[in-house]
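# Secondary and tertiary structure notes
Each chain, written out:
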Amino acid sequence: LAGEWPMAPSATHGVGRALCAALMLGAPRSSVCFRAHASRASGRGRAGCASRWRMLSGGGSAETSSSLGKAARLAKLRALMADEGLDALIVPSDDAHLSEYPPECFNRREFLSGFTGSAGTAVVTATSALLWTDGRYFLQASLELSDEWTLMKQGQPNVPEISTWLATAMPEAAGAVSTGRFKIPLRGRFKIGYDPLLHSHKSIETLTDAVSAPANVAAGSQPPVRSIAPTSYNLVDTVWADARPPLPTGPAWAHPLQWAGESVADKLQRMRCTMDGVDALLVVALDEIAWLFNMRGSDLPTTPVPYAYALVAHDGASLFIDEAKLEPALHDQLAAANVRVHAYPQIFDALVQIGAKSGKVLLDTTRANSGVVSALVTAGGSFVAVLSPPMVAKALKNPAELAGMREAHLRDAAALCAAFAWLEESFRSGENLDEFTVGMRFGEMRQQQQGYQSESFPIIVGAGKNGAIIHYRAAEGACAQIETGSRAMVLIDSGAQYDCGTTDVTRTIHLGAPSQIQKECFTRVLKGHMALDSCVFPEGTPGFVVDVLARRSLWEAGLDYQHGTGHGVGAALNVHEGPQSISARFGNTEPLAAGMILSNEPGFYDVDAEFGVRIENLLIVTKRMTQHNFGGKQFLGFERLTHVPIQRSLMAPELLSAEDVCWIDSYHAQVRKAVLPRVSGRAHEWLLAATEPLGSGFAQPRI
């Protein structure tokens with residue numbers, strides 16, 4: 001691969017040239033389609049590859065002002081859909097790399113719908129606008145969506161998946177036949193559009209299969225012929241027009257070997273060991289590319305990665321990135337590992353050339369967008385679908401990465417001790433506090449720590465009933481005051497990116513006198529947290545097996561929460577990573593393994609009672625010495641990374657066993673020992689008070 005494919009801009013041809021023209025330049029809507037031949041994109045190749053960001057933006061002709069209201073945005077989009085012959089358009093939350101927290105310029109679904117949560121997909125037809133999201137965001141979406149939108153609560157009874165809805169249940173239209181809840185138009189066809197860069201290849205395959213399935217309609221009726229088609233430009237970008245935020249242009253730098261623990265050359269060689277029978281490995285996910293090349297960047301607001309694609313061959317590797325971003329040390333590091341740097345858009349040319357030689361590529365169809373896969377296949381190539389090798393490898397942290405994560409959490413703990421000390425003192429003194437101000441102050445405290453780079457996700461500060469919105473985000477000038485009464489209970493979920501690691505921690509506090517129901521719910525959440533933290537399990541155990549431990553105490557009272565219990569966390573990378581997780585959803589059978597990092601974050605949320613609870617620590621999966629090793633298996637447990645006190649005044653003594661009290665006191669002693677040398681003044685005093693032992697008399701007899 002290194003040197004085999006000519007990468008000069010003039011080399012674009014065939015499908016690659018058409019893709020550059022359509023997806024980078026924002027060509028006139030009628031000039032280029034996704035599978036166009038070179039003749040239909042004549043003269044676009046050189047200019048397209050010189051425009052390094054238009055492939056990301058994918059905009060069409062910008063004819064409108066973007067100071068449009070939400071209803072006007074939908075109207076303009078529907079007009080564009082009609083021009084393109086589309087009956088439905090899917091608008092996801094993703095960028096071309098399916099990033100969870102893309103920069104503002106790629107928040108197309110948010111721009112269109114007004115829903116600001118990080119997860120959700122919109123579907124727009126001529127008469128309907130629908131938003132699918134998961135249980136973390138039901139309340140938030142119901143508050144943010146306008147009357148033009150219908151909220152589709154994923155996973156709830158009688159709520160179809162997007163593919164099912166598009167395939168079998170269309171919104172009401174003239175001349176339609178009823179199928180129960182919805183009606184199906186009797187027109188001859190129903191065409192569904194999507195931007196191929198914003199959907200995984202697997203999701204498009206699934207949608208295609210669903211749409212191709214026979215429709216269940218009334219006897220004697222003729223259902224429409226449904227089809228899905230990639231768009232040649234992004235229609236939402238055209239509506240957004242000149243108001244769209246600018247594209248990211250920040251630098252990319254070398255991640256020190258001190259924290260990476262393994263050289264680029266060694267990582268590439270490990271990847272080649274997975275490449276039997278293929279010509280190259282395609283890597284699309286930004287955190288995987290950053291890990292593979294010991295590279296960090298600043299293109300995403302809360303994740304230290306740059307925009308890039310990568311191809312690994314048996315004799316070299318290619319990184320497709322804006323070379324102007326590379327700091328000198330990173331440039332030298334890549335050259336030493338025989339990594340060639342090419343312009344970001346030229347990934348399409350490389351895949352087309354592999355395809356032209358009937359080459360075969362290893363890739364993860366759930367993480368590679370449909371656009372790049374189609375470029376390979378349309379040119380004559382093929383692929384082998386696997387769970388992404390870099391994703392699997394980076395989930396198992398090496399000793400240097402674990403050392404970096406431990407250091408990051410100690411820095412973070414010092415910052416949070418200072419922040420909580422400030423918050424309690426400010427509240428007692430009567431200072432006017434709101435959620436946004438508190439979030440800003442917590443960020444300022446972290447910025448004082450060595451190696452701080454950014455938040456690891458937008459901070460959540462929810463007072464009172466806002467704490468029941470699982471992924472709430474306070475807006476300046478339009479958020480709740482923190483005050484006595486119900487708003488004295490505050491949920492704060494936050495994290496940071498440091499040069500050595502990534503943090504994510506949630507604490508729920510009460511600044512007054514908590515009610516009995518608040519204390520009971522808090523304590524049941526805490527008991528679930530402790531049960532998961534303390535568990536020992538055999539190797540090969542998937543996360544869903546231990547999820548019940550975190551819910552048991554809540555279940556005993558008829559309570560629960562609508563989100564997973566634990567997600568993977570990257571080392572100075574994504575705050576959410578796979579393949580590991582702890583969740584009631586048993587579809588993820590990936591075993592928990594030593595070296596993985598996961599969160600432990602049970603919760604409870606009651607908007608009517610005006611409070612929410614979540615307690616979150618990060619954990620390292622570690623080997624445990626046990627008296628026996630049944631079946632010759634290694635047994636595993638957890639090491640705590642997070643060192644932040646848990647508020648004792650919210651605990652209900654009658655629900656705590658002697659073992660529970662021992663865990664709490666032991667944890668607080670560990671926190672005090674690790675963090676006290678890193679704090680001073682008011683934070684030092686606060687930490688001492690917050691980690692006082694409960695004492696043997698705290699636990700009450702349980703009947």
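Residues numbered from 1 in each chain as written. Predicted model: local features only at pLDDT ≥ 70, side-chain atom pairs only at ≥ 80, totals over all residues. Heavy atoms only, no water.

What follows is about the overall build of the chain. Within the chain one finds 22 helices and 29 strands. Taken across its 703 residues, the chain has 59% of its residues classed as buried. Considering only contacts within the chain whose residues lie at least 6 apart along the sequence, 71% involve residues at least 24 apart. When the accessible surface of the chain is totalled, it reaches about 26500 Å², and 52% of it is carbon and sulfur. (Helix = DSSP H or I, 4+ residues; strand = E, 2+ residues; numbered from the N terminus. Buried < 20%, exposed > 50% of the residue type's maximum accessible area, 1.4 Å probe, protein only. Contact = heavy atoms within 4.5 Å. Areas by Shrake-Rupley, 256 points an atom, 1.4 Å probe, with all protein chains shown as cover.)

Nonpolar side chains collect at one region of the surface, where Val548, Leu549 and Trp555 lie side by side and expose about 250 Å² of accessible area between them. As for its placement among the helices and strands, tryptophan 555 is situated in helix α20 (residues 543-556). For tryptophan 555, a relative accessible area of 44% translates into the label partly exposed. (Patch = residues over 30% accessible without salt bridge, like charges linked within 9 Å, V, L, I, M, F, W, Y side chains within 5 Å. Salt bridge = Lys/Arg side-chain N within 4 Å of Asp/Glu carboxyl O.)

It is worth spelling out the packing of helix α17 (residues 399-428) against helix α22 (residues 681-690) at this point. Closest axis-to-axis distance for the α17/α22 pair is 8 Å, and the angle between their directions is 90°. Classified by the angle between their axes, α17 and α22 sit roughly perpendicular to one another. On α22, the residues touching Cys417, Ala418, Phe420, Ala421, Trp422, Glu424 and Glu425 of α17 are Arg682, Ala683, Trp686 and Leu687. A per-class count over the contact of α17 with α22 returns eight nonpolar, no polar and three charged. (Axes fitted to C-alpha atoms, helices over the stretch in contact; angles between N-to-C directions. Parallel < 35°, antiparallel > 145°, perpendicular 65-115°, else oblique. Nonpolar A, V, L, I, M, F, W, Y, C, P; charged D, E, K, R; others polar.)

Attention now goes to the side chain of serine 553. Its place among the elements puts serine 553 in helix α20. Aside from chain neighbours lying at most four places away, what touches serine 553 is Arg524 and Lys527.

Here we take up the sheet that holds strand β21 (residues 505-510). Picture the strands of a sheet paired through backbone hydrogen bonds; they go either parallel or antiparallel. Strand order in the open sheet formed by three strands is β18-β19-β21, with antiparallel pairing between adjacent strands. Of all the strands in the sheet, just β18 (460-463) and β21 have a single pairing partner and so form its edges. This sheet shows a mean twist of 10° between the axes of neighbouring strands, independent of strand direction. Here strand β19 (residues 489-494) pairs with β21 via six bridges, running antiparallel. (Pairing = 2+ DSSP bridges.)

The next subject is the packing of aromatic side chains. Enumeration according to the criterion identifies twelve aromatic pairs in this entry. Centre to centre, the rings of phenylalanine 115 and tyrosine 137 are 5.7 Å apart; their planes meet at 80°, and the pair counts as edge-to-face. Residue phenylalanine 115 is found in the loop between α5 (108-113) and β2 (121-125), and its partner tyrosine 137 is found in the loop between β3 (129-133) and α6 (138-144); the two are separated by 22 residues along the sequence. On the numbers, 6.2 Å between centres and 50° between planes, the contact of phenylalanine 604 with phenylalanine 611 is tilted. A relative accessible area of 1% places phenylalanine 611 in the buried class. (Phe/Tyr/Trp six-rings, centres within 6.5 Å; stacked < 30°, edge-to-face > 60°.)

All chains considered together, the criterion is met by 26 salt bridges. With a shortest N-O distance of 3.7 Å, arginine 244 and aspartate 237 are connected by a salt bridge. The same class applies to arginine 244 as to aspartate 237, namely buried. Note that glutamate 556 and arginine 552 form a salt bridge whose closest N and O atoms lie 3.2 Å from each other. Taken together, the positions of glutamate 556 and arginine 552, both in helix α20 and four residues apart, correspond to about one turn of that helix. Taking relative accessible area as the criterion, glutamate 556 reaches 51% and is therefore assigned exposed.

Within the largest apolar cluster, 66 residues are counted, with the highest numbers of intra-cluster contacts made by Leu423, Phe442 and Ile492. Ranked by residues supplied to this core, first place goes to α17 with twelve residues. Those residues in contact with phenylalanine 442, other than ones at most four positions away along the chain, are Leu416, Ala419, Phe420, Leu423, Ile459 and Ile492. (Core = buried A, V, L, I, M, F, W, Y, C linked by side-chain atoms within 4.5 Å.)

This part takes up the sheet that holds strand β14 (residues 339-342). Pairing in this open sheet of six strands is mixed, and the strands run β14-β13-β12-β10-β15-β16 from one edge to the other. Lying at the two open borders of the sheet, with one neighbouring strand each, are β14 and β16 (382-385). When the angles between neighbouring strand axes are averaged without regard to direction, this sheet yields 25°. In this structure, strand β10 (residues 280-283) lies alongside strand β15 (residues 360-363), joined through two bridges in parallel fashion. The partner of leucine 281 across the bridge, within β15, is leucine 362. Along the sheet, helix α14 (residues 347-356) contacts β10, β12 (309-313), β13 (316-320) and β15; its crossing angle with β12, the most-contacted strand, is approximately 35°.

With that out of the way, let us pick up unusual backbone geometry. Proline 579 follows glycine 578 through a cis peptide bond whose omega is 5°. Of note, proline 579 is situated in strand β24 (residues 577-582). Backbone geometry places alanine 241, a non-glycine residue, at a positive phi of 55°. Its location among the elements puts alanine 241 in the loop between α9 (235-240) and β9 (252-254). The residue asparagine 294 is not glycine, and still its phi comes out positive at about 45°.

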